Protein chains: 4
Amino acid sequence: MTSTTEGRAGWDPSTLQSRYDVVRTYTETLAAPLSPEDQTVQSMPDVSPTKWHRAHVTWFFETFVLADNEPGFAPFQDKYWFLFNSYYEGIGPRYSRPDRGLISRPGAHDVGVYRSNVDDRMRDLLTTLDEGTLTKLAATIELGFHHEQQHQELLLMDIKHVLSRNPLQPAYAGTPSPTAETDQLGWVEVDGGLVEVGHEGDGFCFDNELPRHEQWLRPFRIADRLVTNGEWLEFIADGGYRRHELWLSDGWAKIQTEHWQAPFYWTEVDGVWFEHTLHGTFPVNPGLPVSHVSFYEAEAYATWAGKRLPSEAEWEHAARVTGSTTDRVTGNLANTTSWHPEAAGQSTGGLRQMFGDCWEWTSSAYHPYPGFRPPAGAIGEYNGKFMSNQMVLRGGCALTPAGHARASYRNFFPHQSRWALSGVRLADDGATA
Amino acid sequence: MTSTTEGRAGWDPSTLQSRYDVVRTYTETLAAPLSPEDQTVQSMPDVSPTKWHRAHVTWFFETFVLADNEPGFAPFQDKYWFLFNSYYEGIGPRYSRPDRGLISRPGAHDVGVYRSNVDDRMRDLLTTLDEGTLTKLAATIELGFHHEQQHQELLLMDIKHVLSRNPLQPAYAGTPSPTAETDQLGWVEVDGGLVEVGHEGDGFCFDNELPRHEQWLRPFRIADRLVTNGEWLEFIADGGYRRHELWLSDGWAKIQTEHWQAPFYWTEVDGVWFEHTLHGTFPVNPGLPVSHVSFYEAEAYATWAGKRLPSEAEWEHAARVTGSTTDRVTGNLANTTSWHPEAAGQSTGGLRQMFGDCWEWTSSAYHPYPGFRPPAGAIGEYNGKFMSNQMVLRGGCALTPAGHARASYRNFFPHQSRWALSGVRLADDGATA
Amino acid sequence: MTSTTEGRAGWDPSTLQSRYDVVRTYTETLAAPLSPEDQTVQSMPDVSPTKWHRAHVTWFFETFVLADNEPGFAPFQDKYWFLFNSYYEGIGPRYSRPDRGLISRPGAHDVGVYRSNVDDRMRDLLTTLDEGTLTKLAATIELGFHHEQQHQELLLMDIKHVLSRNPLQPAYAGTPSPTAETDQLGWVEVDGGLVEVGHEGDGFCFDNELPRHEQWLRPFRIADRLVTNGEWLEFIADGGYRRHELWLSDGWAKIQTEHWQAPFYWTEVDGVWFEHTLHGTFPVNPGLPVSHVSFYEAEAYATWAGKRLPSEAEWEHAARVTGSTTDRVTGNLANTTSWHPEAAGQSTGGLRQMFGDCWEWTSSAYHPYPGFRPPAGAIGEYNGKFMSNQMVLRGGCALTPAGHARASYRNFFPHQSRWALSGVRLADDGATA
Amino acid sequence: MTSTTEGRAGWDPSTLQSRYDVVRTYTETLAAPLSPEDQTVQSMPDVSPTKWHRAHVTWFFETFVLADNEPGFAPFQDKYWFLFNSYYEGIGPRYSRPDRGLISRPGAHDVGVYRSNVDDRMRDLLTTLDEGTLTKLAATIELGFHHEQQHQELLLMDIKHVLSRNPLQPAYAGTPSPTAETDQLGWVEVDGGLVEVGHEGDGFCFDNELPRHEQWLRPFRIADRLVTNGEWLEFIADGGYRRHELWLSDGWAKIQTEHWQAPFYWTEVDGVWFEHTLHGTFPVNPGLPVSHVSFYEAEAYATWAGKRLPSEAEWEHAARVTGSTTDRVTGNLANTTSWHPEAAGQSTGGLRQMFGDCWEWTSSAYHPYPGFRPPAGAIGEYNGKFMSNQMVLRGGCALTPAGHARASYRNFFPHQSRWALSGVRLADDGATA
């Protein structure tokens, strides 16, 4: 997939197979609490049905690994190639995205059969791979793992929205939501100068994290934790959603049209704010990080606070120099009872909540790094073609699978997106700037 | 419900109960072949999910019968009153119609539980009813039967559309579609004069079929069968969809915008027309009645043929004087293998295919009969408030349950509707007109 | 144009020419107070710019009279045939209706040049017509007169809307608006039976007023004047726009979506209702007929009042039997200072305000009369193709040119239209019904 | 307006007044060929009517200069403050932008009266200013000059679109369009390193050009002229608009939806491409720069050519180091016969056509420079609030008034905009990159 992972060492068949099993099983674990009906619904065009996610990640292995390498390959179902292609124009025509919720068949069970079939074939392939082919294929298979992890996160964000549309207020999981005490926001000073940005080293990365390159930064400060619900309530109380001077013009138009008055999943009942979560609906907890806000809201909040958002280069550089690494990411299903938001903020090198709470809006448009070249073929459509009209988010969130986050990771959403688990970290110019 | 049924004799508890069981069971029979996922999808705003139909007809009995008559009544679920109210403003706020497909819960199984609960309570009520209450309630309960039958028909029309959107081309039922030989279209002459229109006698009718009243008709002719697929193919071949002079202005605009070139479920593959049916997709059979055409298409076809559509008064009068009664309706699940279209056209008094093939567009706008007054209360919203922007269809169709059709029955759809099982019968001015 | 006017006597060249001059001059008189900018604006798709009206009625004579009869005919400008064709598909492609306001050229002055050119050519033609051609052409020329009169009325309705969108509140004409005292509404009883409907006699009529035919009416009552603004204020005060049970379903949806709370041109300022008129903006006068209400509002008002709207047959029959003829129409520019609404209601045969105040909504859908056949050729598109999704209005209004109204005249607008000068006359079932 | 211009020397009353007269007169010169009807039309929401531009730039002086400084100030017309406010929320409510074409009054002549009135009052003010007030006001008055110049350019872009919608193909100006010979595209190599970006020196600049700051650039190459029509024809011929792999995802969706197949004003007639210009419609000239392409098209073209767009920092740095200054800008009404496209490309320091042909799309999103702070008050809405969802364009165009362009000037439009006079200059990574 990327120049660093192609042909790099470290993958042997048994490691690949065991990793394959872990990733694939985890998707089914996430889908397990959901009924066939839950897995069918598409509550808005951005959202995909659960069973579509389960099938699409399977299609990815079938298309990009099995098709060219399985002896006597034939697709499990011809029509699945059409139904479960997300956006790869190079593969052929696709089923219309906003219509994914119209497809009752294959049903949830049928998708399970499809998954098993591809799993069997993948395991067969992995056991029979010769060294040369392994070297050639490992990068694509690893991309498949990370692709599936992205969809694991999306599956949870999406079902959260699906369930939110239901007046019965169903919960995805019964565990009670975490709470947190409010504490003092601190600032970490970071020197500027000529810094390096982009993925470094042998590990996996997506193509959009490369090439690693130099960038000039002025000294800056960055908050040591995310903006909290309690702080957001002050913003609301101070007329944050009614004062045009705080907003970008597009954002102001949006909040007028959509009547936004609070984060996405908040509802006011008799003067008290409640928040829809994967556990059900609860009063807003002031100590937890605010979540499900758009870039426009993040930017307006920063203006109101007399601060600004960090650029993606500032964020990445700060993560590196403060030693905030992904090792300490805990915001996932395996090792926390929390879906969202993540209570157990990590304190690392001065910066907390860097990887396991909310994706953090930056002030940077999502554009290619200098010298970026997407790979040839359909796989080249993975990232590059989305580099317009979106903003970069950094870090990770409570729904991000373990091992999926890293300091150079570039997530991206349109300015108005709110259904993703997105939050806000403030920055400011450095003392000597 | 109507002045004729209120308080009329003929209903005793055991007949009511047995009729209740028959109607209610038939709904579940129709839903049986459908998976939970099938029952969840709403493929366009006009369509409702199967499980919504199943719940809504249940809600009707709970709301209009149990609520005021069951001792210690409490709703099965408070929120169901909100979710399964179709359009009764008098009952309170309703869940948005185009969003019915977003509701994954209650699931198909949960709806079954709801149905059983209401069935038990209805049976309890029916066994304990005293004579006076029975007299008071019978009309509403009977309305509940006919209401459920309407939804049985809709359930089939709707699932036909849901399945049509699926590239896998699933069938609702495996039985092969019927075919028919083309035969000669004949004409039946009918005298005009001062005729009576509207429901007559003791049997059930909807409020919109009353009052029976006089209307002046000129002599006319009416076709003894429906327009066939074969005739429609000639219309297409003669540029029917490309010649503006055949069309009403609104219809012409519609076919331009929507790119209509054939009936709703037709698709051309390599010069051959195929039709999506509840059995699957088959080549268009020339001898069967054309179906799934809009009023605009019906009217344009009639203009092309040098004829016109019958008015609803002409249709009803012709049905009466030729002795075309509903006894011979066969287009239902119990006694035909055909879903659609109905092969076994009845030849009765000269007019065939009057009740069991396709709903027949008339030239009459759906307006109240002279002297029409809807009943008081929420039940008064059943029909009257829809009397604008729609055209009347008469007869019945292959999906209409047995016992549900009659000569005075007024069905109605907007001019552009095509997902209903609608067809065309031609008329013309009489020889002496 | 119609079977009665084709070839009928009464037209000689000099009468035709003098009538031509009167009609054509009146259009320019109406446009005179309007600046080139006023004449350019299209304030919504239903509205046409003044200069477009002026050009289109000219195009009508050029297309349907000169083109086939002028020796050596050539169009004044080729492109005008495209720009000023309103809806005649038979003539060729047309310029998009909603884009009429994008056409700055030809300007208002250029349109005047076009008008003069066609006037000269028409006068030349009229002076050189032989008897046979005259007989052949007279009906089309007369249709051109009535066509231009229709557009004179539309020109005023349209410019009223254009000026209403301007915060400067400009007036079309400076004359003060009339006022009227409220008086008692009376009822006129009319016998039913088999009556004749449709145009009768030698005079001009549009094709949609024919054939004259029989219709059966039950005895009915009809109000002797229109509903007043004062009565409408009571309807508003009684929650008329907030009570769903008064409304057709489509109407209720419309007033929700559009936030209707009063007639089209009413605005509430500090608890007082003001009305935009062609004279400027004034407090609503309680004694004048309510105007600029949609069919939905008219129907809801009638329901609220415990009455109903008359059918078009009832209206026409009542006009005939009470002797309400068009001779007494005074609602035009020549003989009243009033544009709208018309103060001087006429008392004729018991029915007042029949022709010169507001077009009156009926309960009848706009459909062809039994036996209706539009003329051959493009001229056949004049009326027939609009016979769907519209309701009939009868009478005439304060903006209707003198000589243009008659008892059999069928005007028509969609249910939701409000920019036309439309009002409400109530009806009810007769005492003996 | 900006920190550098506030209080800076160089303005004395007579210079200000003479500059005022020059700028204000030029606007009227540009509007002179346009009829009142031309000046009224708004052909799409992005476009403003000519007379609106003329009034709005006048409103700017009245609002930001006269209101606080004229003794006994009263607005010329209260309602004009509402009608001619473009986007300043801080001033109060505004008239809806997409409805500017609905406002027939004030007419073109009335706007002239408004302009004269404000001109008189401005001249009075300028002659009576004391030294202190002059120092305080000069920056705002100068901003008014540049603001009016921006609208002079927009006025021409807008009227070009208005006239393009007219089937009569009217010309704004009669002068024939220039032509140019195709020549060889050359490349200029530019060193990277730590460079300064942003406005420098005493001259006027907009707030978005500041603060001047350091940025790290890699070595790059930049084309010495713009992409030509001839080269664009090759792109089309090679399937440029049909090959998904060349396009950003949003751009591909856009060209599907909008059916783009060529630049905005191009039309194909019998295999020959014609271009609408301010002079009329002519065959596309292969040697002239391509114009009226969106960012999506510019980016796709660069991909097709195996190159990329320059970043805004690269563009500005290249202009500086090659000595391409604005002194040589000739693309304006005063000193060229050309409206568009500009024939007389300047060859300066190796880079041609930098300022007087087409605005040049860059690869940079329009975001604030590090340390950017908008001024306080309504004037702070001038630029900052638009810094989302737009891309930066650099240079200037044939419609840019003399003296209005400079190397640090940041123009911006949304990715899909095409009605602006926008073109393409290619860049590439440097040899040593």
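Residues numbered from 1 in each chain as written. Chains lettered and ligands numbered in written order. Predicted model: local features only at pLDDT ≥ 70, side-chain atom pairs only at ≥ 80, totals over all residues. Heavy atoms only, no water.

As recorded by an unreviewed UniProt entry, chain A carries the name Ergothioneine biosynthesis protein EgtB and is attributed to Nocardioides antri. UniProt's Pathway (unreviewed entry) comment on chain A is quoted here verbatim: "Amino-acid biosynthesis; ergothioneine biosynthesis." (UniProt positions renumbered as here; feature names shortened; annotations may be inferred.)

*Asks:* Any chance you could explain helix 5 (residues 131-164) of chain A here in plain terms?
*Replies:* Residues and elements named next belong to chain A. Between its terminal C-alpha atoms helix 5 stretches 49 Å, which fits the 50 Å expected from 34 residues at 1.5 Å a residue. Of all the bends in helix 5, the largest measures some 45° and sits at Leu137. Within helix 5, 27 of the 34 residues are buried, which leaves the element mostly enclosed by the surrounding structure. Two to three positions downstream of the cap, the backbone nitrogen of Gly132 sits 3.0 Å from a side-chain oxygen, assigning the N-cap of helix 5 to Asp130. (Helix = DSSP H or I, 4+ residues; strand = E, 2+ residues; numbered from the N terminus. Expected span 1.5 Å × (residues − 1). Bend = angle between axes of the 7 residues up to and from the residue. Buried < 20%, exposed > 50% of the residue type's maximum accessible area, 1.4 Å probe, protein only. Polar contact = N/O pair within 3.5 Å; in protein donor to acceptor, adjacent residues only side chain to side chain.)

*Asks:* Would you take a moment to explain the state of the cysteines for this structure?
*Replies:* A disulfide bridge is the covalent bond that connects two cysteines by way of their sulfur atoms. Taken as a whole and judged by the stated rule, the model has zero disulfides over all chains. Here Cys358 of chain C stays unpaired: no disulfide links it, and the sulfur of Cys397 of chain C, its closest cysteine neighbor, is 7.2 Å away. (Disulfide = S-S within 2.5 Å.)

*Asks:* When you look at the interface of chain A and chain B in this model, what are you seeing that I'm missing?
*Replies:* By convention, interface size is frequently given as the accessible area that disappears when the constituent parts associate. Residue-level contacts link 33 residues of chain A with 33 residues of chain B. The junction of chain A with chain B conceals about 2,500 Å² of combined surface from both sides, 57% of it contributed by carbon and sulfur atoms. Inspection of the chain A/chain B interface yields four salt bridges. Notably, a salt bridge pairs Asp38 of chain A with Arg105 of chain B, separated by 2.6 Å at the nearest N-O pair. Our count for the chain A to chain B interface comes out at twelve residue pairs in polar contact (both at pLDDT 80 or more). (Contact = heavy atoms within 4.5 Å. Buried area = accessible area lost by both parts, 1.4 Å probe. Salt bridge = Lys/Arg side-chain N within 4 Å of Asp/Glu carboxyl O.)

*Asks:* Please clarify how the domain arrangement of chain A should be interpreted in this entry.
*Replies:* Residue and element names in this part refer to chain A. What the domain assignment lists for chain A is domain 1 (13-164) and domain 2 (187-429). Spacing between the C-alpha centres of domain 1 and domain 2 amounts to 27 Å. Opposite the 30 residues of domain 1 that make contact, domain 2 presents 33 residues. Counting each side, the surface lost to burial between domain 1 and domain 2 is near 2,600 Å², with a carbon and sulfur contribution of 67%. Looking at the side of domain 1 facing domain 2, the largest losses of area belong to Glu153, Met157 and Lys160, adding up to 27% of the total buried there. In this structure, the connection of domain 1 to domain 2 is made through zero salt bridges. The tally of links from domain 1 across to domain 2 stands at 14 residue pairs in polar contact (both at pLDDT 80 or more). Ranked by residue count, the leading element in the side of domain 1 that touches domain 2 is helix 5, at 17 residues. (Domains from an automatic or database assignment.)

*Asks:* Explanation requested: the environment of Leu210 of chain A in the structure shown.
*Replies:* Considering the arrangement of structural elements, one finds Leu210 of chain A in the loop between strand 2 (193-197) and strand 3 (213-217). Along the backbone, Leu210 of chain A and Gln39 of chain A are 171 residues apart, and their C-alpha atoms lie at a distance of 36 Å.

*Asks:* Mind showing me how you'd approach the sheet that holds strand 7 (residues 280-283) of chain A here?
*Replies:* Backbone-to-backbone hydrogen bonds join strands into a sheet, with any given pair of strands oriented parallel or antiparallel. Residues and elements named next belong to chain A. If you walk across this open sheet you meet the three strands as 5-6-7, and the pairing is antiparallel. Both outer strands of the open sheet, strand 5 (266-269) and strand 7, are each paired with one neighbouring strand and no more. Between one strand axis and the next, the sheet turns by 35° as a mean value, whatever way the strands run. Pairing between strand 5 and strand 6 (residues 272-277): four bridges, direction antiparallel. By the bridge assignment for strand 6, Trp266 is matched with Glu275. Sheet contacts for helix 6 (residues 229-237): strand 5 and strand 6; angle to strand 5, the most-contacted strand, approximately 65°. (Pairing = 2+ DSSP bridges. Axes fitted to C-alpha atoms, helices over the stretch in contact; angles between N-to-C directions.)

*Asks:* What is the right way to read the packing of aromatic side chains from this model?
*Replies:* Each aromatic ring pair is specified by the distance between its two centres and by the angle formed by the two planes. Residue and element names in this part refer to chain A. Under the counting rule described, the total for this entry stands at 147 aromatic pairs over all chains. Between Tyr301 and Trp304, the ring centres sit 5.3 Å apart and the planes meet at 50°, which makes this aromatic pair tilted. Placement of both Tyr301 and Trp304 in helix 8 (residues 295-304) is noted, with a separation of three residues, approximately one turn of the helix. (Phe/Tyr/Trp six-rings, centres within 6.5 Å; stacked < 30°, edge-to-face > 60°.)

*Asks:* I keep staring at the environment of Arg94 of chain B and nothing clicks. Help me out?
*Replies:* Residue and element names in this part refer to chain B. Along the chain, the position of Arg94 falls in the loop between helix 3 (78-83) and helix 4 (108-128). Residue Arg94 is classed as partly exposed on the basis of its relative accessible area, which comes to 31%. As for Arg94 and Glu297, which are separated by 203 residues in sequence, their C-alpha atoms are 34 Å apart. Contacts of Arg94, omitting those with residues within four sequence positions, involve Phe82, Asn85, Ser86, Tyr87, Tyr88 and Glu89. Within polar-contact distance, the side chain of Arg94 engages the backbone oxygen of Ser86 at 3.2 Å. One polar contact links Arg94 to Glu89, side chain to side chain, over a distance of 2.8 Å.

*Asks:* What's the story with helix 7 (residues 249-258) of chain A in this structure? I'm lost.
*Replies:* An α-helix turns once every 3.6 residues. As a result, residues three or four positions apart point the same way. Residue and element names in this part refer to chain A. Three or more residues of helix 7 are buried, namely Gly251, Trp252 and Ile255. Taken end-on, helix 7 shows its buried residues confined to a sector of 100°, consistent with a single buried face. Just downstream of helix 7 lies His259, where phi reads positive at about 55°. (Arc of directions from axis to C-beta.)

*Asks:* In this structure, what is going on with the UniProt feature "domain: DinB-like" (unreviewed entry) in chain A? I would like to understand it.
*Replies:* Using the residue numbers shown here, the UniProt feature "domain: DinB-like" (unreviewed entry) corresponds to residues 20-154 of chain A. Helix makes up 61% of residues 20-154 of chain A and strand 0%, and the two end C-alpha atoms of the span are 19 Å apart.

*Asks:* Got a minute to help me understand the sheet that holds strand 7 (residues 280-283) of chain C in this structure?
*Replies:* Residue and element names in this part refer to chain C. Taken together, three strands build an open sheet; the order of strands is 5-6-7 and the sheet is antiparallel. At either margin of the open sheet sits one strand with a lone partner, and together these are strand 5 (266-269) and strand 7. Across the sheet, the mean angle separating the axes of adjacent strands is 35° when strand polarity is ignored. Note: strand 6 (residues 272-277) against strand 7, four bridges, orientation antiparallel. For Glu275, the partnering residue across the bridge sits in strand 7 and is Phe282. Contacts between helix 6 (residues 229-237) and the sheet are confined to strand 5 and strand 6, with strand 5 contributing the most and set at about 65° to the helix.

*Asks:* Is there a simple way to explain the interface of chain D and chain A in this structure?
*Replies:* Of the residues lining the interface, 32 residues belong to chain D; the matching set on chain A comes to 33 residues. Both sides of the chain D and chain A interface together cover about 2,400 Å² of buried area, and 51% of this is carbon and sulfur. It is Trp216, Arg218 and Asn389 of chain D in chain D that bury the most area against chain A; as a group they hold 22% of the surface buried on that side. Across the contact surface, chain D and chain A share zero salt bridges. Put simply, chain D and chain A have 16 residue pairs in polar contact (both at pLDDT 80 or more) between them. If you list the elements that add at least two residues to the side of chain D that touches chain A, you get strand 3 (213-217), helix 7 (249-258), strand 10 (359-365) and strand 14 (427-429) of chain D.

*Asks:* Just checking my understanding: could you explain the relation of the copies chain A and chain B for this structure?
*Replies:* Think of it as a corkscrew move, a rotation about one axis and a shift along it, taking one chain copy to the other. Structural alignment of chain A on chain B gives an RMSD of 0.0 Å, achieved by rotating through 180° and translating 0.0 Å along the axis. Interpreted geometrically, this transformation is the action of a two-fold axis. Minimal C-alpha distance to the rotation axis in chain A is attained by Glu37 of chain A, lying at 2.6 Å. Most of the interface of chain A is mirrored in chain B: 100% of its interface residues are interface residues there too. (Least-squares fit on C-alpha atoms with pLDDT ≥ 70 in both.)

*Asks:* I would appreciate a short explanation of the relation of the copies chain D and chain A in the present structure.
*Replies:* Overlaying chain D with chain A gives an RMSD of 0.0 Å, the required rotation being 180° about an axis along which the chain moves by 0.0 Å. Comparing interface residues between copies, 100% of those in chain D also sit at the interface in chain A, which points to an isologous, same-surface contact.

*Asks:* What is the right way to read the packing of helix 6 of chain A against helix 8 of chain A from this model?
*Replies:* The relative placement of two packed helices comes down to the angle between their axes together with the axis-to-axis distance. Residue and element names in this part refer to chain A. Two numbers describe how helix 6 lies on helix 8: the axes approach to 11 Å, and their chain directions differ by 80°. Relative to helix 8, the element helix 6 is oriented roughly perpendicular. Contacts between helix 6 and helix 8 involve Glu231, Trp232, Glu234 and Phe235 from the former and Glu297, Ala298, Ala300, Tyr301 and Trp304 from the latter. Residues that form the contact of helix 6 with helix 8 fall into these classes: six nonpolar, no polar and three charged. (Parallel < 35°, antiparallel > 145°, perpendicular 65-115°, else oblique. Nonpolar A, V, L, I, M, F, W, Y, C, P; charged D, E, K, R; others polar.)

*Asks:* Help me out: how do you make sense of the nonpolar core in this one?
*Replies:* Where a protein is soluble and globular, its nonpolar side chains tend to be buried together. Ranked by internal contacts, the top residues of the largest apolar core, which has 404 residues, are Trp232 of chain A, Trp232 of chain B, Trp232 of chain C together with Trp232 of chain D. Each residue touching Trp232 of chain D, except ones within four places of it in the same chain, is listed here: Val227, Tyr241, Pro263, Trp266, Val290, Val293, Glu297, Ala298, Tyr301 and Val424 of chain D. (Core = buried A, V, L, I, M, F, W, Y, C linked by side-chain atoms within 4.5 Å.)

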